[in-house]
Amino acid sequence: MNDKKYQHQVLALAGLYQACDEVRRVAYSGKVRAPILTTAVDSIFALDAEKFDDIYGGHWPLKSGFKLLHQQLDQEQTATETLEILPYINVLQVLSKRLLSSNTTWEGLRKDLETIKNRLTTTEATHPDIIAALADSYQKWISPLGPRVLVNGERAYLSKPENTHLIRCLLLAALRSAVLWRQSGGNRLAFVLYRKQYIETLATFIDTTQAH
């Protein structure tokens, strides 16, 4: 595996961890960080990006994801919030494999996303109507694949439709990253075998983002 593939896999994993952590945040606080939501939604719509970095808008938008991934790889620093999102990540990894194995689901989801993307000429990407449409696409195409992601949180926040939409939208973004990870050669064995290389690549990304 060359350095570029390590970089692609680490970027995809950071996107996965960051989106899942934002799911946790919405579920427990009813709040979402606007920059992270923007990065998540943009990654969903970046279906034909020319460069891997373009999917996330560069390295800086994944700063939170780099930190979370580093905590997971460095077992001595594993934080509580990282442990809480691991079940989400594990299920999404299963779903990513099933999605890539189902041409019907993949093509149907892609068609939906292209239709929603066409609305961006008159509507912002993070407008509630766009978030709701993405949430509907997740429920329509991904939920039937099973298993479902069981989100923990405060009932008061989880019961609000706008939060449900945000969570499903973020899960769709997380799934997008999980798919990218697989497409760039990632799998459970790679996560173990290339732990050292991942940490070294992460160090470079973290240094870059801290310079901003």
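Because the structure is predicted, anything quoted here is derived from the model rather than measured. (Residues numbered from 1 in each chain as written. Predicted model: local features only at pLDDT ≥ 70, side-chain atom pairs only at ≥ 80, totals over all residues. Heavy atoms only, no water.)

S.K.: Break down the nonpolar core for me, citing the residues and quoting the values.
M.R.: Among the nonpolar cores identified, the biggest contains 68 residues, and Tyr17, Phe66, Leu92, Leu95, Leu134, Ile142 and Tyr198 are the most heavily contacted of them. Apart from the residues within four sequence positions on either side, Leu92 is in contact with Leu16, Cys20, Val149, Leu171, Ala174, Leu175 and Ala178. (Core = buried A, V, L, I, M, F, W, Y, C linked by side-chain atoms within 4.5 Å. Buried < 20%, exposed > 50% of the residue type's maximum accessible area, 1.4 Å probe, protein only. Contact = heavy atoms within 4.5 Å.)

S.K.: I'd love a proper account of the layout of surface pockets, names of residues and values included.
M.R.: There is about 280 Å³ of room inside the largest pocket. Lining the largest pocket are 14 residues; nearest its centre among them are Val149, Val151, Ile167, Arg168 and Leu171. Mapped onto the lining of the largest pocket, the elements with two or more residues apiece are α6 (128–142) and α8 (161–183). Here the element with the most residues in the lining of the largest pocket is α8; it accounts for 4 residues. (1 Å grid on protein atoms, 1.4 Å probe; cavity = no way out; pocket = protein on both sides within 12 Å on 5 of 7 lines; lining within 4 Å. Points joined across faces, edges and corners; volume = space filled by probe spheres on them. Helix = DSSP H or I, 4+ residues; strand = E, 2+ residues; numbered from the N terminus.)

S.K.: Describe the pattern of salt bridges, and please don't skip the residues or the numbers.
M.R.: Two side chains with opposite charge may pair up if their charged atoms get near one another. Counted under the stated rule, the structure contains 6 salt bridges. The partner of Arg110 in a salt bridge is Glu114, with the nearest N and O atoms 3.3 Å apart. Here Arg110 and its partner Glu114 are both found in helix α5 (residues 103–117), 4 residues apart, which amounts to about one turn of the helix. By relative accessible area, which is 35% here, Glu114 ends up partly exposed. One salt-bridge network, in which partners are shared between bridges, spans Asp21, Glu22, Arg24, Arg25 and Arg33. (Salt bridge = Lys/Arg side-chain N within 4 Å of Asp/Glu carboxyl O.)

S.K.: Pulling in residues and values, what's your account of empty space enclosed by the protein?
M.R.: Here the structure, examined in full by the defined rule, presents 2 cavities of 30 Å³ or more. Within this model, the largest cavity holds a volume of roughly 130 Å³. Around the largest cavity sit Ile44, Leu47, Leu99, Trp106, Leu109, Arg110, Leu113, Leu172, Leu175, Arg176 and Val179, which together line it. Elements with a contribution of two residues or more to the lining of the largest cavity: α5 and α8. Residue composition of the lining of the largest cavity, grouped by class: 9 nonpolar, no polar and 2 charged. In this model, the second largest cavity occupies a volume close to 70 Å³. Within the residue set of the lining of the second largest cavity, elements represented by two or more residues are α1 (3–29), α2 (34–45) and α8. Grouping the amino acids of the lining of the second largest cavity by side-chain chemistry returns 8 nonpolar, 5 polar and no charged. (Nonpolar A, V, L, I, M, F, W, Y, C, P; charged D, E, K, R; others polar.)

The values reported here are purely geometric and, on their own, carry no functional implication.
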